[in-house]
Amino acid sequence: LKQESAGSRYWKGVSSSNDGRILHAVSYPGEIYRSEDFGVNWNKLTCCARWWWTIASSGDGKISVAAEYITPKGVIATSIDGGKNWSENLTAGRRNWYKVAVSNDGTKMAAVDTGGFIYTSDDYGANWKASTSVGQKIWWSIDMSDDGQVIAAVAEDSNIVISKDFGINWNLVSTLTDKRWNSVTISGDGMKIFALGDYGAGLYYAEDNDDNSDCAE
């Protein structure tokens, strides 16, 4: 069902509260939009017009993180009041942000810098730190469990990487090294991880978030 109130735009990212009532969407370039009635009506948030690429929200829809993907570099911005006010984050720096994720309560956040590192925050996005142990890669996607403890990320021509301790330590899925990954998602309890590859690589999943398990196609 097409929602006319949002207009016709180049939409790049959307997020939803657990019950689906509160939605956020970002346009590229453009603004951040919010709906509080399951997508029937949309309001443009007067935060800033940028080259938004990705957005994620907490389970109640009150806490959100959005990021730009633009040359030379974009910003990460966070809101903790339902999108009324947004703050550009300086500790994360300006980077080629491609995907963001947030825990159910909004305290934990993660983001990937395409061509750079994985970044995590444990204070509602106020401060960010790079996970340098997995190196700089062409990261395409990241996701986390509801509590933020389990995080998975995928990169082009590389392994799937998994953290089971809120992004402190990372392990490679050693059985999957030759796939061209472009997307990953995690179940709320962190026990199931799904990854999608390009060019016929297929859809893979792990049922126990085991970084040494054989994922099934």
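Right, let's walk through the structure included here.

A closer look at the overall build of the protein
The secondary structure content of the protein amounts to 0 helices and 19 strands. Per-residue burial over the protein gives 53% buried out of 217 residues. A sequence separation of at least 24 residues applies to 38% of the contacts in the protein between residues at least 6 apart.

Details of the packing of aromatic side chains
Under the definition given, this model contains 9 aromatic pairs. With a centroid separation of 6.1 Å and 80° between ring planes, the pair formed by Tyr-10 and Tyr-28 is classed as edge-to-face. Of this pair, Tyr-10 sits in the segment before strand 1 (11-16) while Tyr-28 is found in the loop between strand 2 (23-27) and strand 3 (30-35), placing the two residues 18 residues apart along the sequence. Owing to a relative accessible area of 52%, Tyr-10 belongs among the exposed residues under this scheme. Ring centres of Trp-53 and Tyr-69 lie 5.0 Å apart, and the angle between their planes is 55°; on these two criteria the pair is classed as tilted. Placement of the pair is Trp-53 in strand 5 (residues 52-57) and Tyr-69 in the loop between strand 6 (64-68) and strand 7 (76-79), with a sequence separation of 16 residues. What makes Trp-53 buried here is its relative accessible area of 14%. Judged by its relative accessible area of 23%, Tyr-69 falls in the partly exposed class. Ring pairing ties together the aromatic residues Tyr-10, Tyr-28, Trp-51, Trp-53, Tyr-69, Tyr-98 and Trp-140, which thus form one cluster. Over the ring of Trp-53 we find Lys-12, and its NZ or CZ is 4.0 Å from the ring centre.

Concerning the side chain of His-24
Residue position: His-24 is located in strand 2. A distance of 2.9 Å separates polar atoms of two side chains, one belonging to His-24 and the other to Arg-34. Polar contacts involving the side chain of His-24 include one to the side chain of Ser-57, which spans 3.4 Å. Excluding residues that lie within four positions of it along the chain, His-24 makes contacts with Gly-13, Val-14, Ser-15, Tyr-33, Arg-34, Trp-42, Leu-45, Ile-55, Ser-57, Gly-61, Ser-64 and Gly-82.

Definitions and cut-offs
Per-chain numbering applies: the sequence of each chain, read as written, is numbered from 1 onward. Under the rules for a predicted model, residues below a pLDDT of 70 receive no local features and side-chain atom pairs below 80 are neither given nor counted, while totals for whole chains, interfaces and linings still include all residues. Water and hydrogen atoms play no part in the side-chain values, which are based on all heavy atoms of the structure. Secondary structure elements are defined from DSSP: runs of H or I of at least 4 residues count as helices, runs of E of at least 2 residues count as strands, and each element is numbered from the N terminus. Accessible area is worked out with a 1.4 Å probe on protein chains only. A residue is then buried under 20% of its type maximum, exposed over 50%, and partly exposed in between. It only takes one pair of heavy atoms within 4.5 Å for two residues to be counted as in contact. Under the pairing criterion, centres of Phe, Tyr and Trp rings, with the six-membered ring standing for Trp, must be within 6.5 Å; the plane angle then separates stacked pairs below 30 degrees from edge-to-face pairs above 60, leaving the rest tilted. In this scheme, the term charge over a ring applies when either NZ of a lysine or CZ of an arginine sits within 6 Å of the ring centre and within 35 degrees of the ring normal. Definition of a polar contact: a pair of N or O atoms within 3.5 Å, with one able to donate and the other able to accept a hydrogen when the atoms are protein atoms, and with sequence-neighbouring residues admitted only if both atoms are side-chain atoms.

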